[in-house]
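Reading the structure
The residues making up each chain are set out below.
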Amino acid sequence: MNCPFCRHGDSRVVDSRSTDDGTAIRRRRQCPECGRRFSTVETASLTVVKRSGASEPFSRSKIITGVRKACQGRPVSEDDLAHLAQRVEETIRSTGCAEIDAHEVGLTILAPLRELDEVAYLRFASVYQAFDNLEDFESAITLLRAEREPTGVEPPT
Ligand SMILES: [Zn+2]
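Residue positions are given per chain, counted from 1 along the sequence in the order it is written. Note on the predicted model: pLDDT of at least 70 is required for a residue's local features to be given, and 80 or more for side-chain atom pairs to be given and counted; whole-chain, interface and lining totals, by contrast, use all residues. To get the side-chain values, all heavy atoms of the structure are used, and hydrogens and water are removed first.

For this analysis, a nonpolar core means a set of buried residues of the types Ala, Val, Leu, Ile, Met, Phe, Trp, Tyr and Cys, connected via side-chain atoms within 4.5 Å. Each residue is assigned to one of three classes by its accessible area relative to the maximum for its type, calculated with a 1.4 Å probe on protein chains only: buried under 20%, partly exposed between the two thresholds, exposed over 50%. Counting residues in hydrophobic clusters, the biggest one holds 27 residues, and the most contacted among them are Phe-58, Ile-63, Val-67, Val-105, Ile-109 and Leu-113. Elements supplying a minimum of two residues to this core: α1 (60–70), α2 (78–94), α3 (102–116), α4 (118–128) and α5 (134–148). If we ignore the near neighbours within four places in the chain, the residues touching Ile-63 are Phe-58, Leu-84, Ala-85, Val-88, Val-105 and Ile-109. Labels follow the DSSP assignment, with helices taken as runs of H or I lasting at least four residues and strands as runs of E lasting at least two, numbered in each case from the N terminus. A contact between two residues is defined here by any heavy atoms of the two lying within 4.5 Å.

Close contact between α2 and α3 brings their axes to 9 Å; oriented N to C, the two are set at 135°. In terms of axis orientation, α2 runs oblique to α3. The element α2 and its partner α3 pack so that their crossing is right-handed. Listed contacts from α3 to Asp-80, Leu-84, Arg-87, Val-88, Thr-91 and Ile-92 of α2 are Val-105, Thr-108, Ile-109, Pro-112, Leu-113, Glu-115 and Leu-116. Amino acids are sorted into nonpolar (Ala, Val, Leu, Ile, Met, Phe, Trp, Tyr, Cys and Pro), charged (Asp, Glu, Lys and Arg) and polar (every other residue, Gly among them). A breakdown of the residues in the contact of α2 with α3 according to their chemical character gives eight nonpolar, two polar and three charged. Between N-to-C directions, angles span 0 to 180 degrees; the directions come from axes that are lines fitted to C-alpha atoms, helices contributing only their stretch in contact. In this scheme, roughly parallel covers angles under 35 degrees and roughly antiparallel covers those over 145, while 65 to 115 is roughly perpendicular and the rest are oblique. A clockwise turn of the near helix away from the far one marks a right-handed crossing, whereas an anticlockwise turn of less than a right angle marks a left-handed crossing.

Next up on the list: the coordination of the zinc ion. The rule for donors is simple: an N, O or S atom within 2.8 Å of the metal counts, and for Na, K and Ca the reach is 3.2 Å. Water is not among the atoms, so a site may look short of donors. Around the zinc ion, the protein contributes the donor atoms Cys-3 (SG), Cys-6 (SG), Cys-31 (SG) and Cys-34 (SG), at 2.3 to 2.4 Å from the metal centre. Here the metal geometry follows the donor angles, with tetrahedral for four donors whose angles all fall between 85 and 135 degrees, square planar for four and octahedral for six when opposite donors are more than 155 degrees apart and every other angle is between 65 and 115, and irregular for all the rest. One way to put it: the four donor atoms around the zinc ion meet at angles of 107 to 116°, and that makes the site tetrahedral. Look at where the donors of the zinc ion fall in the sequence and you get C-x2-C-x24-C-x2-C. Taken as a pair, Cys-6 in the segment before β1 (12–18) and Cys-31 in the loop between β2 (24–30) and β3 (37–43) lie far apart in primary sequence, 25 residues in all. By relative accessible area, Cys-6 is classed as partly exposed at 33%. On the accessibility criterion, Cys-31 (2% relative accessible area) is buried.

Structure follows, in structure tokens:
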């Protein structure tokens, strides 16, 4: 980071603190050359790459818009959607990747959506996992049923 006053190519951090919402770090820096101080704000960028190759910043509101369509007529509140979008963002950020395919974002939505509403999940999965026939729906439903019922160990007799 060049000094904005004298363009010196180095600076010393004299103070760092998180912004109130915790998504960025503000650093107070001092130039060792001219001694003047300036601030920088650092945010971890998260970029979504679309199938067309275009990229855009990750946006929770886009997640919400996409999921809301799948939730039409279902008992899902705006709060639920906001919470889901937050979980999706946290999951993606925890991978440490700065860039993610739009398709991967769709897949990341599936697990929390399934907990929220199974019908909405099936609608959404049919798009993102490219279901193209009834058998795909059937196997997804079978999987949902199987995982919902207690499995495995028989009780001792
Ligand atoms: Zn300077």
